[in-house]
Amino acid sequence: MQLAQQVKHLIKKEIILEWRSKYALNGVLLYVVSTVFVCYMSFQIIDKLTWNALFWIIMLFASINAIAKSFLQESKGRQLYIYTLVSPAALIIAKTLYNSLLMIVLTVIALIFYSLVFDFPKGADILMYFVAAVLGSLSFSTIFTMVSAIASKTGNGGMLMAILSFPIIIPVLIVLIKFAKNAMDGLDRSVSLDEIGLLAVINVIVMTVALLLFPYLWRD
């Protein structure tokens, strides 16, 4: 079976499993809605900086809750069965693509709901902020999928995932917050080209490292 076909079938498998349980979608949506509601009851009105900071805090923890299960929930029997059917490259690509799709959907829903509860700041570039949100969801997906794959091979995957994610996600958050702040301030879109390029480079590097390391992890 070719790589593209393997990836296609694996993504289909992930969608079917998610549709049956709806664990990630329902759980993360509940988290986002409840967190936004608590923030609204606490602040009522917030300025631009607080608006931006709260959104990324919510999305960071939402992405962890949604993606952490990628490999951690897989039983050893299922892993062995998948190992006999597909290549490790197909598996890590499919997991990353599915998590990216899931996070984009969740991010769009969260941004719409967040904007309804807390009005979008005046003078902000809504389109560029949406681009920042989508790029952020893609970055979270690639990073947490790779870390989840590594953490799944240990006895205490949840704790190891938090430890491994911290030094990787901090630089991404710094770039994302700067990018989003440019959109908030309504600056010219050319100002954010460096941040867009840097996020793209980070995603490519993380995906390349995942493709190189995952076959060795998969053997264990």
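Throughout, a residue's number is its position along its own chain's written sequence, starting from 1. Per-residue local features are limited, in this predicted model, to residues with pLDDT of at least 70; the limit for side-chain atom pairs, both in listing and counting, is 80 or more; totals at the level of whole chains, interfaces and linings are taken over all residues. Heavy atoms from the whole structure form the basis of all side-chain values; hydrogens and water molecules are not counted.

Under an unreviewed UniProt entry, the name given to the protein chain is Heme exporter protein CcmB, and the organism recorded is Pedobacter ureilyticus. What UniProt states about the protein chain under its Sequence similarities (unreviewed entry) heading is, verbatim, "Belongs to the CcmB/CycW/HelB family." UniProt positions are given in the numbering used here, feature names are shortened, and annotations may be inferred rather than shown by experiment.

### Some words on the overall build of the protein chain
Counting its regular elements, the protein chain contains 9 helices and 0 strands. A run of H or I in DSSP becomes a helix once it reaches four residues, and a run of E becomes a strand once it reaches two; helices and strands are each numbered from the N terminus. Listing the helices and strands of the protein chain from first to last along the sequence gives α-α-α-α-α-α-α-α-α. Computation of the radius of gyration draws on C-alpha atoms alone. For the globule rule, the value is 2.2 Å times the number of residues to the power 0.38. Computed over its C-alpha atoms, the radius of gyration of the protein chain comes to 18 Å, within 12% of the 17 Å expected for a compact globule of 220 residues. Projected onto its principal axes, the C-alpha coordinates of the protein chain cover approximately 55 × 35 × 30 Å. Each residue is assigned to one of three classes by its accessible area relative to the maximum for its type, calculated with a 1.4 Å probe on protein chains only: buried under 20%, partly exposed between the two thresholds, exposed over 50%. By residue count, 45% of the 220 residues in the protein chain fall in the buried class. Counting contacts in the protein chain only where the partners sit at least 6 residues apart, residues at least 24 apart contribute 83% of the total. Each accessible area value is a Shrake-Rupley result obtained with a 1.4 Å probe; residue values ignore everything except the protein chains displayed when judging cover. Of the roughly 11,500 Å² of accessible surface on the protein chain, 72% is carried by carbon and sulfur atoms. Every residue pair with non-hydrogen atoms within 4.5 Å of one another is taken to be in contact.

### Things to note about a nonpolar patch on the surface
Here a patch means residues that are over 30% exposed by relative accessible area and free of salt bridges, tied together within 9 Å if like-charged and within 5 Å if nonpolar (Val, Leu, Ile, Met, Phe, Trp, Tyr). Salt-bridge detection follows one rule: a side-chain nitrogen of Lys or Arg within 4 Å of a carboxyl oxygen of Asp or Glu. Residues Val201, Ile205, Val209, Leu212 and Leu213 make up a contiguous nonpolar surface patch of roughly 430 Å² in combined accessible area. Here valine 201 lies in helix 9 (residues 193-219). Taking the relative accessible area as the measure of exposure, valine 201 reaches 44% and is therefore partly exposed.

### Considerations on the packing of helix 3 (residues 48-67) against helix 6 (residues 88-117)
At a closest axis distance of 11 Å, the pairing of helix 3 and helix 6 adopts a crossing angle of 145°. With respect to the hand of their crossing, helix 3 and helix 6 are arranged in right-handed fashion. Every residue of helix 6 that contacts helix 3 at Thr50, Trp51, Leu54, Phe55, Ile58, Met59, Ser63, Ala66 and Ile67 is listed here: Asn99, Leu102, Met103, Leu106, Thr107, Ala110, Leu111, Tyr114 and Ser115. Residue polarity follows a fixed list, in which Ala, Val, Leu, Ile, Met, Phe, Trp, Tyr, Cys and Pro are nonpolar, Asp, Glu, Lys and Arg are charged, and the others, Gly among them, are polar. Split by residue class, the contact of helix 3 with helix 6 holds 13 nonpolar, 5 polar and no charged. Axis lines are fitted to C-alpha atoms, over the contacting stretch for helices. Their N-to-C directions set the angle, which ranges from 0 to 180 degrees. Each crossing gets its hand from how the near helix is turned against the far one by less than a right angle, where anticlockwise is left-handed and clockwise is right-handed.

### Considering the UniProt feature "transmembrane region" (unreviewed entry) in the protein chain
Under the feature "transmembrane region" (unreviewed entry), the UniProt entry names residues 23-43, 49-68, 104-120, 127-151, 157-177 and 198-218. Across residues 104-120 one finds 82% helix and 0% strand; the C-alpha atoms that close the span lie 19 Å apart. Structurally, residues 198-218 comprises 100% helix and 0% strand, and the distance from its first C-alpha atom to its last is 30 Å.

### A look at the pattern of salt bridges
Scanning the entire structure with this criterion turns up 3 salt bridges. A salt bridge links arginine 189 to aspartate 125; the shortest N-O distance between them is 2.9 Å. Taken as a pair, arginine 189 in the loop between helix 8 (157-184) and helix 9 and aspartate 125 in the loop between helix 6 and helix 7 (126-151) lie far apart in primary sequence, 64 residues in all.

### Quick notes on the packing of helix 6 against helix 7
The N-to-C vectors of helix 6 and helix 7 enclose an angle of 140°; their axes lie 8 Å apart at closest approach. If you check the angle between helix 6 and helix 7, you find them oblique. By crossing handedness, the relation of helix 6 to helix 7 is classed as right-handed. Across the interface between the two elements, Ile92, Lys95, Thr96, Asn99, Ser100, Met103, Ile104, Thr107, Val108 and Leu111 of helix 6 pack against Tyr129, Phe130, Ala133, Val134, Ser137, Leu138, Ser141, Thr142, Thr145 and Ala149 of helix 7. Among the residues forming the contact of helix 6 with helix 7, the class breakdown is 11 nonpolar, 8 polar and 1 charged. Oblique is the label for any angle not covered by the other classes, which are roughly parallel (under 35 degrees), roughly antiparallel (over 145) and roughly perpendicular (65 to 115).

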